[in-house]
Amino acid sequence: MSTEFNERLSEPYDERAQIWIVGTREQVNHIISEMFVRQMVTDRSQFSPLMPAPFGEGKYMSLLIR
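Residues numbered from 1 in each chain as written. Predicted model: local features only at pLDDT ≥ 70, side-chain atom pairs only at ≥ 80, totals over all residues. Heavy atoms only, no water.

Moving on, we come to the environment of Ile21. The topology assignment puts Ile21 in strand S1 (residues 18-23). On the accessibility criterion, Ile21 (5% relative accessible area) is buried. Apart from the residues lying within four places of it in its own chain, the contact partners of Ile21 are Val28, Ile31, Ile32, Met35, Phe47, Tyr60, Met61 and Ser62. (Helix = DSSP H or I, 4+ residues; strand = E, 2+ residues; numbered from the N terminus. Buried < 20%, exposed > 50% of the residue type's maximum accessible area, 1.4 Å probe, protein only. Contact = heavy atoms within 4.5 Å.)

In structure tokens, the structure reads:
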């Protein structure tokens, strides 16, 4: 994991549980929307911005920090 990525997290990664969503841009957006519709999250802003996954070409990721 890069230093730049860690700096984007509002709190150290070991203090709060995280849900990582990795896939194509469409897959990640669909899962975020599905979690909102099923009321697993109260606001889409709880997810980090969509960013390219550092470990997969053509893959994107978003984090939900609970």
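For the rest of this paragraph, the subject is the nonpolar core. Residues Ile21, Val28, Ile32, Met35, Val41, Phe47 and Leu64 constitute the largest nonpolar core, which totals 7 residues. The leading source of residues in this core is helix H2 (residues 25-37), at 3 residues. When sequence neighbours within four positions are dropped, the list of residues in contact with Ile32 reads Ile21, Arg44, Phe47 and Ser62. (Core = buried A, V, L, I, M, F, W, Y, C linked by side-chain atoms within 4.5 Å.)

Strand order in the open sheet formed by 3 strands is S1-S3-S2, and the pairing between neighbours is antiparallel. Edge strands, defined here as strands with exactly one partner in the open sheet, are S1 and strand S2 (51-52). Two strands pair when backbone bridges link them, and S2 and strand S3 (residues 60-65) are joined in this way by 2 bridges, in the antiparallel orientation. Residue pairing in the sheet places Met51 in a bridge with Met61 of S3. Of the strands in this sheet, S1 and S3 touch H2, which is tilted by about 140 degrees from S1. (Pairing = 2+ DSSP bridges. Axes fitted to C-alpha atoms, helices over the stretch in contact; angles between N-to-C directions.)

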